[in-house]
Amino acid sequence: MSLKRVLIHLINHIEEYVCGLLLAVFVTLLFVQILVRQFFAYSIPWGEEVATYMFVWFAYLGAVVAAKMQAHNRVTFQFMFFPPIVKKVSEALADLIWVAFNLYFAWLAYDFVFNRMNLFWKSQTTGIPMKYFFMILPIAFVLMSVRILWNNYLTLFRSVQILDPEKAEIEAIKRSVQQPAAGLQGGQ
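The written sequence of each chain sets the order in which its residues are numbered from 1. Residue-level local features of this predicted model are given only where pLDDT is at least 70; pairs of side-chain atoms are given and counted only at 80 or more, and the full residue set underlies all totals for whole chains, interfaces and linings. Calculation of side-chain values draws on the structure's entire complement of heavy atoms; hydrogens and water are dropped beforehand.

Participant: Can you lay out a nonpolar patch on the surface for me, pointing to particular residues and giving the numbers?
Facilitator: Residues form patches when they are more than 30% accessible in relative terms and have no salt bridge. Like charges link within 9 Å. Nonpolar side chains (Val, Leu, Ile, Met, Phe, Trp, Tyr) link within 5 Å. Using the Shrake-Rupley algorithm and a 1.4 Å probe, accessible areas are obtained, with residue cover drawn only from the displayed protein chains. For salt bridges, the criterion is a side-chain nitrogen of Lys or Arg within 4 Å of an Asp or Glu carboxyl oxygen. A cluster of nonpolar side chains, namely Met1, Leu3, Val6, Leu7, Leu10, Ile14, Tyr17 and Val18, defines an oily patch on the protein surface of about 770 Å² accessible area. Secondary structure is summarised from DSSP: a helix means a run of H or I of at least four residues, a strand means a run of E of at least two, and numbering begins at the N terminus for each. Tracing the chain through its elements places Leu3 in helix H1 (residues 3-40). Working definition: with a 1.4 Å probe on protein chains only, accessible area under 20% of the residue-type maximum means buried, over 50% means exposed, and in between means partly exposed. Leu3 gets classed as exposed once you look at its relative accessible area, which sits at 63%.

This is the structure we're talking about:
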């Protein structure tokens, strides 16, 4: 693969890789914390606090991944009764409202983290300024907005149908159930 393709792939999946890394590190950290506590009667002073912050980052970046995969819980039942073009436009309009909320929240979070947060607020055990932990708020909401807008671009202008992984799995199960049933009917 060329360097350009590798970079595009990395950019397209960066949130997933960071989520995987965060998950692996905070689970390992908690596991080590349990082992050390049980076998050596010692506790890593910063372990649980850092694992908690990693979990928060993991959760917000996971929301970005869900937005990328269009796997967020949303009510779209009412759009099924519309003609296809009206359905697409209605969903895009709903997504634009979602993006507006995300960008407003990102602006509020940015203002809080960089302008209103006390510079002396620090993590209790590590001494790291809390703004580094809270920076996930504006980052995640901006990234989520970018992913939502990109999905709408693909859907509206490129006619790409992005299936929620759960819906894709349900469709695969339906197909696998129908194939044996069709084979049984044909064999009788």
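There's more to say after this.
Participant: An account of the nonpolar core is needed here, citing residue identities and associated values.
Facilitator: If you look at the biggest cluster of nonpolar residues, it comprises 19 residues, and the most contacted ones within it are Met54, Leu61, Met144 and Ile148. Contributing elements (two or more residues each) for this core: H1, helix H2 (47-68), helix H3 (84-116) and helix H5 (136-157). Not counting chain neighbours up to four residues away, the residues in contact with Met54 comprise Leu22, Val25 and Phe26. Here, nonpolar core refers to any group of buried Ala, Val, Leu, Ile, Met, Phe, Trp, Tyr and Cys residues whose side-chain atoms link them within 4.5 Å. Contact criterion: two residues are considered in contact whenever any of their non-hydrogen atoms come within 4.5 Å of each other.

Participant: Could you give an account of the packing of aromatic side chains, naming the residues involved and the relevant values?
Facilitator: Working definition: an aromatic ring pair is given by the centre-to-centre distance plus the angle between the planes. Planes of paired rings set the category: under 30 degrees apart is stacked, over 60 is edge-to-face and the rest tilted, where pairs are Phe, Tyr or Trp rings (Trp by its six-membered ring) whose centres lie within 6.5 Å. Taken as a whole, this structure holds 14 aromatic pairs when the rule is applied. Arranged with centres 5.6 Å apart and planes meeting at 85°, the rings of Phe26 and Phe55 form a pair that is edge-to-face. With Phe26 in helix H1 and Phe55 in helix H2, the pair connects residues that are 29 residues apart, well separated along the chain. For the ring pair Trp150 and Tyr153, a centre distance of 5.1 Å and an interplane angle of 35° mean the geometry is tilted. One end of the pair, Trp150, and the other, Tyr153, are both in helix H5, three residues apart, so they sit about a helical turn from each other. Residue classification places Tyr153 among the partly exposed positions, given a relative accessible area of 28%. Three or more aromatic residues link up through ring pairs in this structure, and these residues are Tyr60, Phe101, Phe105 and Phe141.

Participant: Which residues make up the pattern of salt bridges, and what values do they have?
Facilitator: Here the structure, examined in full by the defined rule, presents five salt bridges. A salt bridge links Glu15 to Arg147; its shortest N-O distance comes to 2.8 Å. With Glu15 in helix H1 and Arg147 in helix H5, the pair connects residues that are 132 residues apart, well separated along the chain. With respect to class, Glu15 is no different from Arg147; both count as buried. A salt bridge links Glu171 to Lys174; the nearest nitrogen and oxygen atoms lie 3.9 Å apart. Of this pair, Glu171 and Lys174 both sit in helix H6 (residues 165-187), separated by three residues, roughly a single helical turn. The partly exposed category is assigned to Glu171, whose relative accessible area is 35%.

Participant: Explain H1 to me, using residue names and the numbers behind them.
Facilitator: How far a helix is expected to stretch is found by multiplying one less than its residue total by 1.5 Å. If you check H1, its first and last C-alpha atoms are just 48 Å apart, much less than what 38 residues at 1.5 Å a residue would give, namely 56 Å. The seven residues ending at a residue and the seven starting there each receive a fitted axis; the angle between those axes is the bend at that residue. Of all the bends found along H1, the most pronounced is centred on His13 and spans about 65°. The set of residues buried in H1 consists of His13, Glu15, Cys19, Leu22, Phe26, Leu29, Gln33 and Val36. Residues of H1 that are buried sit in contact with H2 and H5. A positive backbone phi angle near 50° is found at Ala41, which sits one or two residues after H1.

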